[in-house]
Structure formats: structure tokens, C-alpha cells
Protein chains: 2
Amino acid sequence: MSSIKDVAELAGVSIATVSRYLSDPESIRRDNREKVARAIQRTDYAPNALAQNFRRGRTGIIMVVLPSVGDPFFTEVMRGIAQVASERHYSILIRETEMNTLSLDEYSDIVLSKQADGIILLASTCPITPMRRRPKASRPAPIILGCENVTPDLGNLFSVRIDNRAAARKATRHLLELGHERIAFISGSAGSELTADRERGYVAAMKRAGKKIADGWIVPGQLTIDGARDATRALLQHPQAPTAIFCANDEMAMGCIHEIKQAGLRVPDDVSVIGFDDTRYAAITDPPLTTIAQPAELIGQRTMLRILDAVDGIDIGSEPEIVPHKLVLRASTGAPAS
Amino acid sequence: MSSIKDVAELAGVSIATVSRYLSDPESIRRDNREKVARAIQRTDYAPNALAQNFRRGRTGIIMVVLPSVGDPFFTEVMRGIAQVASERHYSILIRETEMNTLSLDEYSDIVLSKQADGIILLASTCPITPMRRRPKASRPAPIILGCENVTPDLGNLFSVRIDNRAAARKATRHLLELGHERIAFISGSAGSELTADRERGYVAAMKRAGKKIADGWIVPGQLTIDGARDATRALLQHPQAPTAIFCANDEMAMGCIHEIKQAGLRVPDDVSVIGFDDTRYAAITDPPLTTIAQPAELIGQRTMLRILDAVDGIDIGSEPEIVPHKLVLRASTGAPAS
DNA sequence: CTGTTAGCGCGTTCAT
DNA sequence: ATGAACGCGCTAACAG
């Protein structure tokens, strides 16, 4: 590959002039500008991004950590992130937590060792421990949360998300208002804080309505289709089988509906199902899914904007940015068979 | 941040020794090894990846270009790619083509300007033109195709994929054998080579069976749910409405089934539907989807392994690596109502 | 506006 | 086995 030096030689100017041309063509005299342009053409020159980044001390990369790129909700969030990234000439590096779970310290190292300028955690399913190693670090590494709740462990990470607890209360209340009394909840995996607040909201709504939650009505489902299918089978065989099931995300609601039909029951006639996320599949399940809608793409955009602020040294604080949610009524919920 | 120099000073050795410790601890004397280790601990040192990469002349990044991260098929391919990447200490950089479509020359520039060591194209929906600018480049940039067909334009890019044409023939033949005569095909968008061979396979099977394909039976669907819904509506109103619809991917098949039911018809009683990909949703659609299964994760793994070979300077040729596919029979296809 | 100079942090010679 | 010295390609001072 030709380097900036070759271009400078061919153009008959210094490398500094070429460098200036690269960052701001207007800053050099017209004749030189043209000479440089021609030399670049002829040498087929492209700046070495590795050298540029090294010199500038930045990677141009934001790492996004999430449990599964496959989940349609996260896909939407990613879309928002990617959009902003592209505008700001940033690349995004995706890391699924499934394979390797890192501690916050290790994420911090990734930034300090210049593998990325900042990190967005879209879910803290991994064993995130508080930061110990660099308590006196000049400035904390830019790491923020998207859609996830802040856990006690996580110290003061900024986050962009909906009010999960309120949303879950709303969903549960919807079922209660339809007349359901036996309402179950399929949550994420045990360690997942992503759905913990949703569970709290469900519990709170049941309590306020004076409904008891039987043992076994709260069942972990791994946030996957298969997880939900297993959970649903267990619920249908429960001595006090629920007449409505609240799933912590749409993916699970899809598995849940399938399993209910598989058992020869009908949705919502025999069992109502409500989801969470309003993914693109929600409208085409059979029956179409009642669910809580989150502004996924907006969450992604806002999260990315804030991490870039943080990378630029702006203090974004740790007060979460709460975005709106809403209950979307479709056909998977109805009054219980009396 | 502390640099290698600080560590060397604190340990009382030269930076060369520290550097050696980093790449191969066994290569230095034990006492020095311990001194360095301790110094690294105390200075909280982490090697500057930017400097390392610059010095080594490699980015450690493979860029993956695909139309939509949301598509569950691509998600599976990505999983395979990510798996190998993680083993080989490579990062993957995702670029959706939706936003920006680049030419092969531009992709080539990305490699030459050291933004990535290699590029995997998972679909060439963008206007990929043959390479012009650097015909005499010492070595072509490592760019290969995953799952996509090689188009005439694309010169000699290596690829890993199934035999799309044969698979489509098999799917079509399945419908023919059930007794269908009016079979429609919902393809990808016009420019997409990804599904062009599937269309050819469909056409070939129809022809061989002596069935005519009416005008309007081949309809572009954008590879999305909504695209398929529009296409399906059009097909149902066609004067010679089909009794079976072959969708170029599962995502579209899901939209198709929904739209058929929406119209008050039943699947497969009134219209049979067959998909392509066997994504994780195929088993839980209602009815479960008959489809062509591709070994998506394998495709991802193989593609990644080969691009890494290419990055290492190994000549991987341009002969495509064909992986097996199979027809998965479920409940969305049946004999036509007589 | 331009050229000269000095590193950025690391890996890698070449001596020792 | 180790240290001194060089340079990767570029940007950002500074001086002219």
C-alpha cells in the first residue's frame, strides 16, 4: 500500500500538507489541493485507519453487549444504535453474552486497552460485579445501559429505558380487569435483571387487587421460545392452572401460545396471553398478541447518543432516561371462561 | 493510562522484555517474569490495542455485510460466524446494507485502508459492480460471500452456500406431487441475487412438470413480513388465484400465512404455503411451516474460517463450497381442495 | 499557508 | 536472555 509519504513526494509537497488536505481540503492553497488530489488518485492512496486511530487515540468503535442478536426486540434497538453510529462515523461491535460473560472490570479494561471507545450493555444477565480494580481511575470508562435496569451492583450506570415495573403493572391490571384471577408470569432466567422489575410490577398489581399468587405461577423461561414452551407446559398442568399468562417478552409469548394450542386449548377463550415488547411478529401471531410496546428504536438512538456524549467527556450522570411505553390491545387476551 | 514504558521502569527491565513477556512469558527468565508480572499488576497495565494493531498491521476485525440483522436466518449465520470469531480472537463488525450500499471497490477500500482485515458479504442486494480501480493490486482484498450466489458481476468471489436452485426445485416438486397446479412464488426484491436462483429452481420445476406460470404469479416480496403480506393479498385476488404459495424465506411465509387467514381462508386446506430457511419460528407458526432447512450456523462457521484463511494469505480459490439442505415437512402444505 | 520535527505505544531487529 | 534503537503512518505542535 502507498502511504501518505508517497503521495507527498508525488505531489511535491510535505506530508503535513497532505494530512491537512485529508482533514480539511479548504485549508490549503488551490494549486496544492489539486496536486494532492491528483497524487492521491494516481497512487491509489487510502489513509491507514490503523495509524489514524492510533495517533488520535480512539477506536471509532462502540461495543454493544446483548444476550441475543436474534431477539426481535434487541434487533430494533440495534437498528436505532446503528443509525446514530452511521451518522457519527462510528462502528458497532456486537458481543453476545451467551458465550462469554464478563465482569464490569473486564468491560472497563476493554475501553482502557482501546479496543472500543465505549460500551453499551443491553442486558446484564452476566455476573456483573461492582468495579473494584480502578476506583481512582481519572475518569470512569464510558459504559452505559440500554433498556436494562440498574441493579444495586452496577453502581451508577446511566440507562435509557421504560418504566418496566409500571408497564408490568399495567399489563397485569389489564388481565385483572378482564376478570382473571389466576394469572401466571413467565419471567426471564433467574439472574436476569432485565425482567426482574416486570416481575415486581406483576406481583404488585396482583397484591393490590387482593389476588394470591400460587406457588409455581412465577416460572423462569429464559426469554426464548423453547424456554416459554417448557414453562407453559408446567403451568397448564398446575393444580391451579392459570386462566391468563403474562410473558416477560413477545418471543416467549409466541412459544406460550403455541404450547397452549398444542394442548388442545384456545387463546384467548381458554387461556389469555399477554406479551412484552411489541416486536414485528406480535401483529401476525394467531391470535394477534396483546402486548406492551416499547420504543425500541428510540431507546437505541438515545442510548447511542448518550454513550457518544460520554466518550466525548461529557458527564451524563446516572439518572435514568425514561421513555414511554404503552399497552397494545390485540386479540390474545379476553375474559376468562366462567 | 500506563504504558509499557511505565511497567518496564517499575520492573527495572527494558520495554523489550515486557513486550516479550506479553507475547510469550516463557521466553524470559523467571525472576524477570515475576518482576514484570508484579509491575503489570501494580501499574494496572493493559496493552494498548490500538498501538498493537498499528504495529502488527492488522485490525482483528472482520466486517459482515447483510441486509437485515433481524432476519432469523441471518441471525443463525451470525451465530456461527461469531463462534469462530471468538475462538480466533477476532471481532465482527456488522453493517446493514439497508442504509448504505457500497460497491465492491468501496469494500475493497475498507480492507486496504485497514478498517477491517476482511469482509463477508451475506447478500449482494446492493449494486455491486465489478472491481475496476485496483485490477493490478498485489493481492485481492479478502472478500467472500456467505449463502449468496455468485453473480456474473462479482467476479470470482468464494462462497459457502446451499444449492439454492435444487432446493427450490425440491420445494416446488413437493407441491406438485401433492397435486397443486397453480403455484405462485413470492421472491425477494428485484435486485436480490439471494433469491434469484430459488426463482429459477421454481420456474424449472414448473416447466418440467408442464405447468404454466401465469402472469403475476411471481411477485417480489422484499424478504419481509410486510412485503409478503402485500404480495399475498395480490395473489389471492389474482383471477387465477394459486392453491399453493412458495415463499423465498420463512419470514415471508409467516406474513403470507397470516394474510391468508386474514382473508378468511385456511392453511393448508385452501392454500398451501412453503417457506425457506427453517428458522426457529417455523415450528411454531400455525400451522407449523413446511420449509427448506439450511445449515445456517454451519454456513456461518465455514464462511468465517475461510475468510480467516484468506486473511492469512491462503488462496481459497473461487469454487463455491456447497453445504447440504433438506425439505422439512410440517403442516402448512397439503393437497389442494379439489 | 507550508515545511520541519517530534512523538503516539508497541514489536523487532541487532548487538551484547 | 536482555537492552538500545529504529520505525510503522499519521497528526499536531511550532516556526517560518
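Residue indices follow the written sequence of each chain, beginning from 1 at its first position. Starting at A for chains and at 1 for ligands, labels are handed out in the order in which the entities are written. Predicted model: local features are reported for residues with pLDDT of at least 70 only, side-chain atom pairs are reported and counted for 80 or more only, and whole-chain, interface and lining totals are derived from all residues. Side-chain metrics rest on all non-hydrogen atoms present in the structure, leaving aside hydrogens and water.

Go over the interface of chain B and chain A with me, naming the residues and quoting the values.
Contacts are residue-level and defined by heavy atoms, with any inter-residue pair within 4.5 Å sufficient. Of the residues lining the interface, 49 residues belong to chain B; the matching set on chain A comes to 49 residues. As used here, buried area is the combined drop in accessible area, with a 1.4 Å probe, of two parts when they are placed together. Between chain B and chain A the total buried area reaches about 4,000 Å² when both faces are included, carbon and sulfur atoms providing 62% of it. One side-chain nitrogen of Lys or Arg within 4 Å of one carboxyl oxygen of Asp or Glu is enough to make a salt bridge. For the pair chain B and chain A, the interface holds 6 salt bridges. Taking the shortest distance from any N to any O, the salt bridge between Arg-79 of chain B and Glu-96 of chain A comes out at 3.4 Å.

Describe the protein's contact with DNA strand C, and please don't skip the residues or the numbers.
Residues are counted as near a molecule or strand when any one of their heavy atoms sits within 4 Å of it. Not every one of the 24 residues close to DNA strand C is listed here, only the nearest: Thr-17, Ile-28 and Asn-32 of chain A together with Ile-4 and Tyr-45 of chain B. Throughout this description, a polar contact denotes any pair of N or O atoms lying within 3.5 Å of each other; where both atoms belong to protein, one of them has to be capable of donating a hydrogen while the other can accept it, and for residues adjacent in sequence the pair is counted only when both atoms sit in side chains. For DNA strand C, a phosphate oxygen lies 2.5 Å from a polar atom in the side chain of Thr-17 of chain A. The helix count covers DSSP runs of H or I at least four residues long, the strand count covers runs of E at least two residues long, and both are numbered beginning at the N terminus. Listing elements by their share of the surface near DNA strand C, those giving two or more residues are helix H2 (15-23) and helix H4 (49-56) of chain A together with helix H2 (15-23) and helix H4 (49-56) of chain B. Broken down by element, the surface near DNA strand C gets its largest block of residues, 5 residues, from H4 of chain B.

So, the domain arrangement of chain A: which residues are in play, and what are the values?
Residues and elements named next belong to chain A. Bear in mind that the domain bounds are from an automatic or database domain assignment. Partitioning chain A into structural domains gives domain 1 (4-47), domain 2 (57-162 + 296-322) and domain 3 (164-293). Carbon and sulfur atoms make up 55% of the area that domain 2 and domain 3 hide from each other, which totals about 1,100 Å². Broken down residue by residue, the surface that domain 2 buries against domain 3 is led by Pro-72, Asn-149 and Ile-162, which jointly contribute 44%. Taken together, the links from domain 2 to domain 3 amount to 0 salt bridges. The interface formed by domain 2 and domain 3 contains 2 residue pairs in polar contact (both at pLDDT 80 or more).

Explain the pairing of strand E8 (residues 244-247) of chain A residue by residue, including any values.
Residue and element names in this part refer to chain A. The alternating pattern of E8 places Ala-244 and Phe-246 and Ile-245 and Cys-247 on opposite faces, both of which are buried. By the convention used here, strands pair only if DSSP detects at least 2 bridges between them. As paired elements, strand E6 (residues 183-187) and E8 share 4 bridges and run parallel to each other. Directly across from Phe-185, in E8, lies its bridge partner Phe-246. Taking the sense of rotation as the criterion, the β-α-β connection linking E8, helix H10 (residues 250-262) and strand E9 (residues 272-277) turns out right-handed. Burial here depends on accessible area, computed with a 1.4 Å probe over protein chains only, as a share of the maximum for the residue type. Under 20% is buried, over 50% is exposed, and the range in between is partly exposed. With its strands directed away from the observer, a crossover is right-handed exactly when the path from the first strand over the helix to the second travels clockwise.

Provide a residue-level description of helix H11 (residues 296-311) of chain B, including the pertinent values.
Residue and element names in this part refer to chain B. Helices are assigned an expected span. That span is 1.5 Å times one less than the residue count. Counted at 1.5 Å a residue, the expected span for H11 with its 16 residues is 22 Å, and the 23 Å between its end C-alpha atoms agrees. Here H11 has its buried residues at Ala-296, Ile-299, Gly-300, Gln-301, Thr-303, Met-304, Arg-306, Ile-307, Leu-308, Ala-310 and Val-311. The positive-phi residue at the C-terminal boundary of H11 is Gly-313, with phi of around 90°.

I'd like a rundown of the relation of the copies chain B and chain A, residues and numbers included.
Copies are brought into register by a least-squares superposition over C-alpha atoms of residues with pLDDT of at least 70 in both. Between chain B and chain A, the superposition needs a rotation of 180° and an axial shift of 0.0 Å, giving an RMSD of 0.1 Å. Given the turn and translation reported, the copies of this chain are related as if by a two-fold rotation axis. In terms of C-alpha distance to the rotation axis, chain B has Leu-93 of chain B as its closest residue, with the C-alpha 2.6 Å off the axis. A share of 100% of interface residues in chain B that are also interface residues in chain A marks the association as one of identical surfaces.

Break down the side chain of Asp-277 of chain A for me, with residues and values.
Residue and element names in this part refer to chain A. Tracing the backbone shows Asp-277 in strand E9. Charged residues are defined here as Lys and Arg on the positive side and Asp and Glu on the negative side; His and the ends of the chain fall outside this count. As a buried residue without a salt bridge, Asp-277 has its nearest oppositely charged side chain in Arg-198, at a separation of 4.2 Å. Among residues more than four places away in sequence, those in contact with Asp-277 are Asp-71, Phe-73, Arg-198, Asn-249, Asp-250, Thr-291, Ile-292, Ala-293 and Gln-294.

Account for the protein's contact with DNA strand D, naming residues and giving values.
Around DNA strand D lies a shell of 24 residues, among which Ile-4, Tyr-45 and Arg-55 of chain A together with Thr-17 and Asn-32 of chain B are the nearest. The share of sugar and phosphate among atoms of DNA strand D within 4 Å of the protein is 57%. Here a base oxygen of DNA strand D and a side-chain polar atom of Arg-20 of chain B are 2.8 Å apart. Contacts to DNA strand D include Arg-55 of chain B, whose side-chain N or O atom sits 3.0 Å from a base nitrogen. Of all the secondary-structure elements, those providing two or more residues to the surface near DNA strand D are H2 and H4 of chain A together with H2 and H4 of chain B. Sorting elements by how many residues they give to the surface near DNA strand D places H4 of chain A first, with 5 residues. Gly is put with the polar residues, along with every residue not named as nonpolar or charged; the nonpolar set is Ala, Val, Leu, Ile, Met, Phe, Trp, Tyr, Cys and Pro, and the charged set is Asp, Glu, Lys and Arg. Class assignment of the residues belonging to the surface near DNA strand D gives a composition of 11 nonpolar, 7 polar and 6 charged.

I'd like a description of unusual backbone geometry, backed by residues and values.
Geometrically, the link from Asp-286 of chain A to Pro-287 of chain A is a cis peptide bond, its omega value of 0° lying close to zero. Relative to the assigned elements, Pro-287 of chain A resides in the loop between E9 and strand E10 (290-293). In the segment running from Val-267 of chain B into Pro-268 of chain B, the intervening peptide bond is cis, with an omega of 5°. Tracing the backbone through its elements, the reader meets Pro-268 of chain B in the loop between helix H10 (250-262) and strand E9 (272-277). In this structure, Gln-222 of chain A is a non-glycine residue whose phi angle is positive, near 70°. Secondary-structure assignment places Gln-222 of chain A in the loop between strand E7 (218-220) and helix H9 (225-236). With a phi close to 55°, Asp-278 of chain B is a non-glycine residue in the positive phi region. Along the chain, Asp-278 of chain B turns up in the loop between E9 and strand E10 (290-293).

Can you tell me about the nonpolar core, naming the residues and giving the values?
We call a set of buried Ala, Val, Leu, Ile, Met, Phe, Trp, Tyr and Cys residues a nonpolar core when their side-chain atoms join them within 4.5 Å. Counting residues in each nonpolar core, the largest one holds 138 residues, and the members touching the most others are Leu-122 and Met-304 of chain A together with Leu-122 and Met-304 of chain B. Every residue in contact with Met-304 of chain A, bar those within four places of it in the chain, is listed here: Ile-62, Ile-81, Val-84, Ala-85, Tyr-90, Ile-92 and Ile-120 of chain A. Residues Ile-110 and Leu-121 of chain A together with Ile-119 and Ala-141 of chain B belong to the second largest nonpolar core, which totals 32 residues.

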